[in-house]
Amino acid sequence: MFKEYDVIVVGAGHAGSEAASAAANLGSSVLLITMNMNTIAQMSCNPAMGGIAKGQIVREIDALGGYSGIVTDHTMIQFRMLNRSKGPAMWSPRAQSDRMLFSLKWRQMLEQTPNLDFWQDTVTEVTTKDGRVTGVKTAMGQHIRARSVILTNGTFLNGIIHIGTKQFGGGRMGDRASVGLTANLEALGFESARLKTGTPIRVDGRTIDFSRLEEQKGDDEPGKFSFTDTPVLKKQRSCYLAYTNLKVHDTLRTGFDESPMFAGRIEGRGPRYCPSIEDKIDRFSDKNRHQLFVEPEGWDTIEYYINGFSSSLPDHVQYKALLQIEGFENAKIFRPGYAIEYDYFLPHQLHYTLETRLIGNLYFAGQINGTTGYEEAAAQGLMAGINAHLKLKGEGPLVLKRSEAYIGVLIDDLITKTIDEPYRMFTSRAEYRILLRQDNADLRLTAISYKLGLADDRRMDRVKKKQEAIQNSIRLLEKESITPDQVNGFLESLEVPTVSQKVKLNTILLRPQVRLKSLIEAIPFLKDHFNSLGNLAEEVIEETEILAKYQVYIGKEQEIAQRLSKYENMPLKPDFDYASLTSLSFEAREKLTRIRPETIGQASRITGVSPADISVSIVYLSK
C-alpha cells in the first residue's frame, strides 16, 4: 500500500505537524503517521500559544515558514502582549486559542499541503541497516520504508497517567500510550529516562460565579503572530484571576498520603517552572494563596481550564479543594487533573540538526527530547523537517546560532546542558535577547527561509519593503529638526521639559515619556510619512521606535556577539580523544567525550566545562 517516502514523521502533535509541513513544502514526499487523525496538533494542556519567550519562538517559526503563527491567528479568542512595562527585549505575545478550532485549522492546512500523505497507526519499531534508518514498523503490521524518519512522540512513549492511587497507560486522557518503540530504540543503543508533566481540572463555566473573580481582558489593540495577511482579532473573550486560600491548601494536604508524587510512584521529574498545586503548597508552605488563571477553552464552549491548579491528587480531593476557591463554591467539573509520566531520550545524543548521532537520517523533535510546551516542540519539529529534507538533497544543514534566534538557544541548550527536568524557554536563557526580539523575527529569519524555499516571493518582498521603510524612518528622525513652537505644546501635554531651540526629532524620541505614535500625531509631516506606508505602518512604527530608543544597547550586544563569534565557530573534531588531554579537568573530559560538541562555543556551554578548560582547548587547537 505504501511507496518509499523521503520522510516519515511519527506523531502529529505540534512538533510532528511542523516537521511534516516543512519537509513537504520543501519538496520531500512525506508520510505523517498518527495514532488518531482527530487529534492533530491537539492542545493537550492549556488552550494558549506564546507567552514569555515562547511568543518569540512562535514568531520565529512564522518567519521561517512554519504554520503555528498562522493557525494561532485564525483561532485565537484573546491576545495580550506580556511585559509591556519592561523593555522591548522582554515583550512577549500570548494568545488564548479555541482548542477545537486550533486542531481543525491545523488539519485543514496539512491536508492542503502538497506531497503530504497520512496514515493512522502506532509505530512500534524503527528499522535500520548499516547504521542508517530504513523505515518503520507499525502495530497493524505495516513495514513502511523511508529514507528519513522524524520521531515526535510527545508524552506517549510508555505513558502512564496518575490520579491519586489510580494509574493506567495513556499518552493523554482518552488516548492510549505508545508501547514498544522505547525498547526498540534502547536496543539500538539510545539512552532514555523518565519525565513527568501534569494538567489541571476542567470546570463547567455555567457553575462559576465570575462576579467574584478578577476579569482579565485582552489588549485594546490586539496584535497577532504571523507576518502574513492573517485576520486581526475583532472581538475577544476574557480570562479571569482566582486565588487559592488556606482552606484549599489544608484540603489538598489531606490527599498527600495518596499522592503518586509524594509516595514515589512517579519516578520522572516534573517541570520546575510549572509545578502541580500540591507541589506548590508543599514547597512554599509560607504562602497563604496562589494565583490561578481561569481560561476559556473556546468561543462556543462552557469548558474552562484552571491554569495553576495542575494536580495528580485523588479526584475527590481535587474537587473538594476546588469548591473552597472563591467563585467556585457550586462548581461542576468535566474531568480531574492528572499527571503523566513518559519516556524521553537525552538530547546530548543529537547533532545540532536534531539528527541522532547513533543512527543516520533518524531525527528526534519535541518532548521526546525533554522539552515542555507546544512552542518548543513546534520549533524543533520545524528544524527537524527542514534538516531532514536538506540532508536528503545533499545540501548543507540549517543550524541557527544563539545570536540569531531563540530556536538556536533552545537547541543549543538541549544538546549542551544536562536535561533532567522538562526544559522550558525563558528570556533569561538568551544572552542576546535585545537582538532576538519578537518584533524583528521576520527581519532576522525570512531571508534564511526564502533561500531554503519555504518563504515565497511575497514574504520576501514584504520584508524588503519593511526594512527599507524602517531605514528611511530612522534617517528622517535623525535628519529633520523641529522648532520649539512645533513641539512644545506636545511636550507640555506630557508634563516634560520643553525645548528652547531647534532640535532633531530623534532627541525628542529619546525621552522615556515620548512614544513615537504620539509624536506622529503631533507632527504633520511625520504623520504624512508613516501614513504613506499603508499596512506596514504599525510594524515600522514599532521597529523604528525600538531602534531609535535602544540603539546604544543593541549596538553593544551586536559587538559582543561578533567578538565572541571568533571562537564560537572554531570547529572540534568529532572523534577527538579528550581523555588524552590531561590538562582538562576530569569532568570536562567526561562531558566532552559524552556530548561531542561541534565547536568551541558549544563546548563552552556544557555544564561542568569551565572557562579554564575552554582556554586549554583553544591553546591546543591553535597549535
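See above for the structure.
Residues numbered from 1 in each chain as written. Predicted model: local features only at pLDDT ≥ 70, side-chain atom pairs only at ≥ 80, totals over all residues. Heavy atoms only, no water.

A. Looking closely at the side chain of E421. By secondary structure assignment, the location of E421 is in the loop between α10 (406–416) and α11 (441–452). Polar contacts involving the side chain of E421 include one to the side chain of R269, which spans 3.1 Å. If near-sequence neighbours (up to four positions away) are discounted, E421 is found in contact with L195, R269, G270, R272 and G370. (Helix = DSSP H or I, 4+ residues; strand = E, 2+ residues; numbered from the N terminus. Polar contact = N/O pair within 3.5 Å; in protein donor to acceptor, adjacent residues only side chain to side chain. Contact = heavy atoms within 4.5 Å.)

B. Looking closely at the nonpolar core. Grouped together as the largest cluster of nonpolar side chains are 121 residues, with contacts concentrated most on I8, L151, L362 and I407. Per element, the largest residue contribution to this core is 11 residues, and it comes from helix α9 (residues 374–392). Sequence-distant contacts of L151, that is, excluding residues within four places in its chain, are made with V10, V126, L181, L185, L362, Y363, F364, A365 and I368. In terms of nonpolar packing, the next biggest core, distinct from the first, is built from 28 residues, A469, L476, V514 and I520 among them. (Core = buried A, V, L, I, M, F, W, Y, C linked by side-chain atoms within 4.5 Å. Buried < 20%, exposed > 50% of the residue type's maximum accessible area, 1.4 Å probe, protein only.)

C. Expanded view of helix α6 (residues 246–253). Within α6, the full set of buried residues consists of V248, H249, T251 and L252. Angularly, the buried residues of α6 cover 165° about the axis, an arc narrow enough to put them on a single face. Check the buried side of α6 and you find it contacts α7 (277–283), β16 (303–310) and α8 (315–322). With a side-chain oxygen positioned 3.0 Å from the backbone nitrogen of K247, the residue opening α6 is N245. (Arc of directions from axis to C-beta.)

D. Structural detail: the side chain of D121. Mapped onto the secondary structure, D121 falls in the loop between β6 (116–120) and β7 (123–129). The charged side chain of D121 is buried without a salt bridge, its nearest counter-charge being R176 at 5.9 Å. Here T138 takes part through its side chain, which lies 2.6 Å from a polar atom of the side chain of D121. In this structure, D121 is in contact with I33, T34, M35, T138, A139, M140 and Q142, ignoring residues within four places of it in sequence. (Lys, Arg positive; Asp, Glu negative; His and termini not counted. Salt bridge = Lys/Arg side-chain N within 4 Å of Asp/Glu carboxyl O.)

E. Geometry of the environment of K527. Along the chain, K527 falls in helix α16 (residues 524–531). Each C-alpha atom, one on K527 and one on K517, is 9.1 Å from the other, the two residues being 10 residues apart in sequence. Within the structure, K527 has its side chain in polar contact with the side chain of E521 (distance 3.1 Å).

F. Main features of helix α12 (residues 457–479). The end-to-end C-alpha separation of α12 is 33 Å, in line with the 33 Å expected for 23 residues at 1.5 Å each. If you check which residues of α12 are buried, you get R459, M460, V463, K466, A469, I470, S473, I474, L476 and L477. (Expected span 1.5 Å × (residues − 1).)

G. View of the pattern of salt bridges. Summed over the entire model, instances satisfying the criterion amount to 39 salt bridges. Salt bridges here are not isolated pairs; linked through shared partners, they connect R402, D412, D413, E431, E568 and R605.

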